[in-house]
Amino acid sequence: MTVLGRLVLLLLAVALQAAWPRALRPAGVTPDLALAVVLAYAMAGGPGVALAWATVGGTLLDLLSSLPAATNLLSHLAGAGVVTLAALGQRDDRPWLVLALPPLGTIAAYAVAGLRLHLAGSSEVWAAVLATLPTAVVLVCAALLGGWLLGAWLRTLRRRRARLSFGQE
Amino acid sequence: MRLRGPGRGRHGRRWLIVALVAAVIAVQLPVLRGPADALREAFVPATRLLTDLGRAVDAPLASWRAGEDLQAENARLRAENARLEADNARLAELERQNAFLLAALGFKQEYAQLTFVTAEVVGFEPSNLARALTINRGHEDGVRPGTVVVAPRGVVGQVTAVTPRSATVLLLTDPRSAVDARAQESGARGVVAGLGRPDLLVMRYVRQEEFLSLGERVSTSGLGGVFPRGLPVGYVGYVQRRDVDALQEAYLEPAVDYTHLAQVLVLRSDAPGPPRGP
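None of the values given here were measured: they were computed from a predicted structure.

Peer 1: Tell me about the sheet that holds strand 1 (residues 116-124) of chain B, residues and numbers included.
Peer 2: Residue and element names in this part refer to chain B. One closed barrel holds the 6 strands; their spatial order is 1-2-5-4-3-12, and the pairing between them is antiparallel. Direction aside, the axes of adjacent strands within the sheet are offset by 45 degrees on average. Taken together, the 4 bridges between strand 3 (residues 148-151) and strand 4 (residues 154-162) define a ladder with antiparallel strand orientation. Bridging from a neighbouring strand, A151 pairs with G154 of strand 4.

Peer 1: How would you sum up the packing of aromatic side chains? Please name residues and give values.
Peer 2: Per the stated rule, a full pass over the model turns up 2 aromatic pairs over all chains. For A:R6, the ring lying beneath its charged end belongs to A:Y41, and the centroid distance is 5.0 Å.

Peer 1: Please set out the pairing of strand 5 (residues 167-171) of chain B residue by residue, giving values where relevant.
Peer 2: Residues and elements named next belong to chain B. Within strand 5, 4 of the 5 residues are buried, which leaves it mostly tucked inside the rest of the structure. Of the pairings in the sheet, the one linking strand 2 (residues 132-135) to strand 5 comprises 4 bridges and is antiparallel in character. What sits directly across from A132, in strand 5, is L170. Looking at chain direction, strand 4 and strand 5 are connected through 5 bridges and run antiparallel. Each bridged residue has a counterpart across the sheet, and for V159 the counterpart in strand 5 is V169.

Peer 1: Report on the pairing of strand 7 (residues 189-194) of chain B, specifying residues and quantitative values.
Peer 2: All names here are of chain B. Note: strand 6 (residues 178-183) against strand 7, 5 bridges, orientation antiparallel. Each residue of the ladder has a partner; that of D180, found in strand 7, is V191. Counted between consecutive antiparallel strands, the loop separating strand 6 from strand 7 contains 5 residues, among which G187 sits at a positive phi close to 80 degrees. Bridge analysis of strand 7 against strand 8 (residues 201-207) gives 4 bridges, and the strand direction is antiparallel. Within the sheet, the bridge partner assigned to V192 lies in strand 8 and is M203. Here strand 7 folds back onto strand 8, and the loop between the two strands holds 6 residues, one of which, G196, carries a positive phi near 80 degrees.

Peer 1: Before we move on, could you go through the sheet that holds strand 6 of chain B and cite the residues and values that matter?
Peer 2: Residues and elements named next belong to chain B. The 6 strands lie next to each other as 6-7-8-11-10-9, forming a closed barrel whose pairing is antiparallel. Here the average twist between neighbouring strands, direction ignored, is 40 degrees. In this structure, strand 9 (residues 217-220) lies alongside strand 10 (residues 232-240), joined through 3 bridges in antiparallel fashion. Pairing of V218 across the sheet is with G234, part of strand 10.

Peer 1: Quick one: what's the story with the interface of chain A and chain B, residue by residue and with numbers?
Peer 2: Facing 27 residues of chain A, the contacting portion of chain B comprises 20 residues. The interface formed by chain A and chain B holds 0 salt bridges in total. Put simply, chain A and chain B have 8 residue pairs in polar contact (both at pLDDT 80 or more) between them. Elements that contribute at least two residues to the side of chain A that touches chain B include exactly helix 1 (3-18), helix 3 (47-64), helix 5 (97-119) and helix 6 (125-168) of chain A. Of the residues forming the side of chain A that touches chain B, the biggest block, 6 residues, is contributed by helix 6 of chain A. Tallied by class, residues from the side of chain A that touches chain B come to 14 nonpolar, 9 polar and 4 charged.

Rules used in this analysis
Residues numbered from 1 in each chain as written. Chains lettered and ligands numbered in written order. Predicted model: local features only at pLDDT ≥ 70, side-chain atom pairs only at ≥ 80, totals over all residues. Heavy atoms only, no water. Pairing = 2+ DSSP bridges. Helix = DSSP H or I, 4+ residues; strand = E, 2+ residues; numbered from the N terminus. Axes fitted to C-alpha atoms, helices over the stretch in contact; angles between N-to-C directions. Phe/Tyr/Trp six-rings, centres within 6.5 Å; stacked < 30°, edge-to-face > 60°. Lys NZ or Arg CZ within 6 Å of the ring centre and 35° of its normal. Buried < 20%, exposed > 50% of the residue type's maximum accessible area, 1.4 Å probe, protein only. Contact = heavy atoms within 4.5 Å. Salt bridge = Lys/Arg side-chain N within 4 Å of Asp/Glu carboxyl O. Polar contact = N/O pair within 3.5 Å; in protein donor to acceptor, adjacent residues only side chain to side chain. Nonpolar A, V, L, I, M, F, W, Y, C, P; charged D, E, K, R; others polar.

And the structure:
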């Protein structure tokens, strides 16, 4: 995917997250679609790519959020950073590590956001973190799985179309 | 050479008239009634066949016509259905608005000292660690940071950021929110804070000597001068009281359903001081 395509996908994720219907929030938790997209980019690219997309995603969310300045930025940077570090330790004999990356990234992102809010004077934030984190982790994993399946389906369609057009020629 | 038959010329016409008159008379004669009936009987299978044939042709034609009519009727009914659905949606929206305005009127009568403007909720906070919403009233409508926002059922929150035509309202359920409150029956005082959950508030710093009862209404105390006194905050759902603690805590069910907020009331900043509690 091109850089422009990735940016459009991230913008779409931010917009969807901001307009997510109240009725479709499991346990009152909005899916962190922007974080899921940033984690996906971080897993696919290197540290530089992760840093860049985390900055873009976090800044976009900060523009729409009522949280203290740079909370989402720091949160996304932490999530992408942890995912990148964990991905560096991935080897062929540890294929399961890739499954642990999204939960690790989400936990890191929420922990840093909680710390940022705590430092801003909100001591009650840890209750909110603990209440929302399990559902948030599940939703990020589900979003990544859904995105991966959608990508695989689109690739298959493209391959089939290419094969058909080759056959016609 | 042309032959003159009975059907041609003046003589022909005369013969034809004579024959017709004779036939009419003959049919009336009782003597000839038997052969006439026999002839009529002989025609019955033919007429039946023709009638059946006519019906056979008629049935598909009628069906085709009925189909056309049904299609037209179907299209008309679909259009009617779409119009009724639109009307229904509009009426449901009007009903919702009416219910809100009735509730707002009740609120206005109960808190006559307060002046407010209605606002529509146009957005929600995208982050899970904050509970906030965006309303369609801003600086141009007299909304300022710190302005109190309520619903007919109780306190919604406080404005934290304002643009010319919109404002961000930090909900009472946000972990950063806190309001001084008082229980209606026991008179217990405490600070109600959000826990980041839409269905739960906590009332902290309640003295051990106070006895909160379940279901007791908790309202704003008016202390601090931000929230007017007597606005409903929530209802006591659970009390955590341990002898070793100096203070007790109560968990409240919010008075306002924060997940279904569509319209709110923004208290005008030019309102007079804290009103008399209900």
